[in-house]
Amino acid sequence: MTEIAYTRNYVTQDQLRRAYRRLGHTSTAPTWSATLLIDTGLTMTWAVRVLAPAEVREEYPARFEWHVIADAGELDWPPLRPEEEIWPALLEKHPVPTGDQAQRQAKMFGRTVEELHREQLRQRYLSDAHIGRSKRNPTDVNFDPLVRDWDATARELAAFLDTHRPPKLTADQRVMAQGVHLAELEMAVNTTRASLGRLMRNAARESAQQRDGKPRHGFKSEMSRWGGVTRPTVDAWLNDGGCCEGAVVDEDGTPLPGHTHTIDLEED
């Protein structure tokens, strides 16, 4: 299936993602195919993930960027829904105002309250999405699904995928994609190992509370078997709790060494 990705989570991308999911469309693609990347203006490119520079990945090792392979065109802004559908929904969301202030404002403009209210809603929601044949800037268009037919744009995307085969990744590009995949797997493994160590420390404290301040006999052997790790790894993880988690004691009741906060004192 052709993978679709988005550069951000801007309103245009979010609404298209939702509409395409509702459509339930799928398209087949060979293994090692490029990803269709869609930006905030619904411009499309064929791209592949590549690891970000090492200095950028210090905090998040699996951070990636996009390597653009080729342009893929763009989708139009969604058309307006028929006005007979728009106005009941808009007036339900924004009822006609009542009160003296609304009456005075309408009188000042020589309109009825409802006429003025509809005109304000029209300016807010129904502005033209194009200047001539060019799409307006996305910040100048209201993309509320009450007034814009995102299902039509999702069908346009589906038609594009049905008629355009994604580029097959070159050998170099496959290395880029697999490098990101490996970094994500390694990060998941590291996160899981940290979680498993924390759960073992929790289990040690719970066992100690139930048995005179020390874990039950054979506790470390059970942790080793259930966690699928060696006994030295269990020892290291139990010692790695830190001062903020609370003390962990050994099977003989001796507190295990843990991390403590240190304060560096400057010399006078």
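Keep in mind the model is a prediction, meaning the values are calculated, not measured.

**Student:** Explanation requested: the overall build of the protein in the structure shown.
**Tutor:** Secondary structure assignment for the protein yields eight helices and six strands. Its helices and strands taken in sequence order, the protein reads β-α-β-β-β-α-α-α-β-β-α-α-α-α from the N to the C terminus. Computed over C-alpha atoms, the radius of gyration of the protein comes to 30 Å, more than 25% over the 18 Å expected from 2.2 N^0.38 for 268 residues, which places it beyond the range of a compact globule. Projecting the C-alpha coordinates of the protein onto the three principal axes gives extents of approximately 90 × 60 × 50 Å. Relative to its full complement of 268 residues, the protein shows a buried share of 33%. Across the protein, the fraction of contacts at a sequence separation of at least 24, relative to all contacts at a separation of at least 6, is 66%. With 34 positive and 41 negative side-chain charges, the protein shows a spacing of 5 Å between the two charge centroids.

**Student:** Can you help me understand the sheet that holds strand β4 (residues 64-74) in this one?
**Tutor:** One key point about sheets: their strands pair by backbone hydrogen bonds, in either a parallel or an antiparallel sense. Pairing is mixed across the open sheet formed by four strands, whose spatial order is β1-β2-β3-β4. In this open sheet, the two strands that pair with only one neighbour each are β1 (4-6) and β4. Here the strands of the sheet are splayed against their neighbours by 40 degrees on average, with no regard to which way each runs. The pairing of strand β3 (residues 43-51) with β4 spans eight bridges and is antiparallel. When the sheet's bridge partners are listed, Val 50 is paired in β4 with Glu 65.

**Student:** How do you make sense of the environment of Gly 197 when you look at a structure like this?
**Tutor:** Residue placement: Gly 197 occurs in helix α6 (residues 171-210). For the pair Gly 197 and Asn 239, spaced 42 residues apart in the sequence, the C-alpha separation amounts to 9.5 Å.

**Student:** Explain the layout of surface pockets here, please?
**Tutor:** Taking a probe equal in size to a water molecule and rolling it over the atoms shows the remaining empty space. Quantified by volume, the largest pocket comes out at close to 280 Å³. Only β3 and α6 provide two or more residues apiece to the lining of the largest pocket. A breakdown of the residues in the lining of the largest pocket according to their chemical character gives nine nonpolar, six polar and two charged.

**Student:** Could you clarify how one ought to interpret the pattern of salt bridges in this entry?
**Tutor:** Any two side chains of opposite charge can pair if their charged atoms end up close together. Under the criterion given, the structure shown has 12 salt bridges. One salt bridge in this structure joins Arg 122 and Glu 83, with 3.2 Å as the shortest N-O distance. With Arg 122 in helix α4 (residues 113-125) and Glu 83 in helix α2 (residues 83-93), the pair connects residues that are 39 residues apart, well separated along the chain. Exposure remark for Arg 122: the relative accessible area of 33% places this residue in the partly exposed category. When its relative accessible area of 37% is taken as the criterion, Glu 83 is described as partly exposed. The shortest N-O distance in the salt bridge between Glu 222 and Arg 216 comes to 2.8 Å. Among the charged side chains, a salt-bridge network with shared partners connects Asp 14, Arg 17 and Arg 18.

**Student:** When you look at the pairing of strand β2 (residues 35-38) in this model, what are you seeing that I'm missing?
**Tutor:** A regular strand places its side chains so that they alternate between the two faces of the sheet. Residues Thr 35 and Leu 37 of β2 are buried on one face, and the alternating residues Leu 36 and Ile 38, pointing to the opposite face, are buried as well. Bridge count between β1 and β2: three bridges; the pairing is parallel. Its bridge partner being in β2, Ala 5 is matched across the sheet by Leu 37. Between β1 and its parallel partner β2, the chain crosses via helix α1 (residues 11-23), and the hand of that crossover is left-handed. In this sheet, β3 lies alongside β2 in antiparallel orientation, the contact comprising four bridges. Across the sheet, the residue bridging to Thr 35 is Ala 47, located in β3. Between β2 and β3, which follow one another and run antiparallel, lie four residues, and Leu 42 among them has a positive phi close to 65 degrees.

Conventions we followed
- Residues numbered from 1 in each chain as written.
- Predicted model: local features only at pLDDT ≥ 70, side-chain atom pairs only at ≥ 80, totals over all residues.
- Heavy atoms only, no water.
- Helix = DSSP H or I, 4+ residues; strand = E, 2+ residues; numbered from the N terminus.
- Rg over C-alpha atoms; globule rule 2.2 N^0.38 Å.
- Buried < 20%, exposed > 50% of the residue type's maximum accessible area, 1.4 Å probe, protein only.
- Contact = heavy atoms within 4.5 Å.
- Lys, Arg positive; Asp, Glu negative; His and termini not counted.
- Charge placed at Lys NZ, Arg CZ, Asp CG, Glu CD.
- Pairing = 2+ DSSP bridges.
- Axes fitted to C-alpha atoms, helices over the stretch in contact; angles between N-to-C directions.
- 1 Å grid on protein atoms, 1.4 Å probe; cavity = no way out; pocket = protein on both sides within 12 Å on 5 of 7 lines; lining within 4 Å.
- Points joined across faces, edges and corners; volume = space filled by probe spheres on them.
- Nonpolar A, V, L, I, M, F, W, Y, C, P; charged D, E, K, R; others polar.
- Salt bridge = Lys/Arg side-chain N within 4 Å of Asp/Glu carboxyl O.
- Right-handed = clockwise from strand over helix to strand, strands pointing away.

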